[in-house]
Amino acid sequence: MLKKIPKLLSPELVRIMMEMGHGDELVLADANFPGHALHPRVTRCDGIGIPQLLAAILELFPLDHYAGHQAVLMDVVQGDPAVPVIWDTYKEIIRDVDPQAVIGYEERFNFYERSKSAYAIVVTGEEVLYGNLILKKGVIEG
């Protein structure tokens, strides 16, 4: 165990975040997301919801303010009646850590394509439809 690292973060996930550079992206995927089909670097956090994991990640993870959006949500497919109220939770968690953060939206298949070029995908136990989120890593100013 180490001090100040949230217990929800596995050693593998901390390693992945440490390896990431400025501008690299991390996908937080819901339990329905085809992570293994899209990317060779997948880590699993089964049984953990994205809100809890997002809060833990953002304790260590700077967001990229050189980009137009620091986070991106998978937009609801046109005609789908789903209402992902979890987005409000994500926005609150992000804004509590980074009030200047801008959150964008990607169409489902564009989100999948973007996920292919992410640094890694974290498949979670989140069961909410459209619960997927991409975070863009920023820099630490010293």
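Presented here is an overview of the structure given in this document.

Calculation rules
Residues numbered from 1 in each chain as written. Predicted model: local features only at pLDDT ≥ 70, side-chain atom pairs only at ≥ 80, totals over all residues. Heavy atoms only, no water. Phe/Tyr/Trp six-rings, centres within 6.5 Å; stacked < 30°, edge-to-face > 60°. Helix = DSSP H or I, 4+ residues; strand = E, 2+ residues; numbered from the N terminus. Buried < 20%, exposed > 50% of the residue type's maximum accessible area, 1.4 Å probe, protein only. Pairing = 2+ DSSP bridges.

Section: the packing of aromatic side chains
Point 1. Under the definition given, this model contains 4 aromatic pairs.
Point 2. Ring centres of Trp87 and Tyr105 lie 5.3 Å apart, and the angle between their planes is 55°; on these two criteria the pair is classed as tilted. Taken together, the positions of Trp87 in helix 4 (residues 86-97) and Tyr105 in strand 4 (residues 103-106) put the pair 18 residues apart, joining distant regions of the chain.
Point 3. Among the residues examined, Trp87 registers a relative accessible area of 10% and is labelled buried.
Point 4. Given a relative accessible area of 39%, Tyr105 falls into the partly exposed group.
Point 5. An angle of 80° between the planes, with centres 5.7 Å apart, marks the rings of Phe109 and Tyr112 as edge-to-face. Residue Phe109 and its partner Tyr112 are located together in helix 5 (residues 108-116), separated by 3 residues, close to a single helical turn.

Some words on the pairing of strand 5 (residues 120-124)
Point 1. Burial analysis of strand 5 places 5 of its 5 residues in the buried class, the great majority of the element.
Point 2. Of the two faces of strand 5, the one holding Ala120, Val122 and Thr124 and the one holding Ile121 and Val123 are both buried throughout.
Point 3. With 4 bridges joining them, strand 1 (residues 25-29) and strand 5 adopt parallel strand pairing. Its bridge partner being in strand 5, Ala29 is matched across the sheet by Val123.
Point 4. Strand direction decides the pairing type here: strand 2 (residues 42-45) and strand 5, joined by 4 bridges, are parallel. The partner of Arg44 across the bridge, within strand 5, is Val123.

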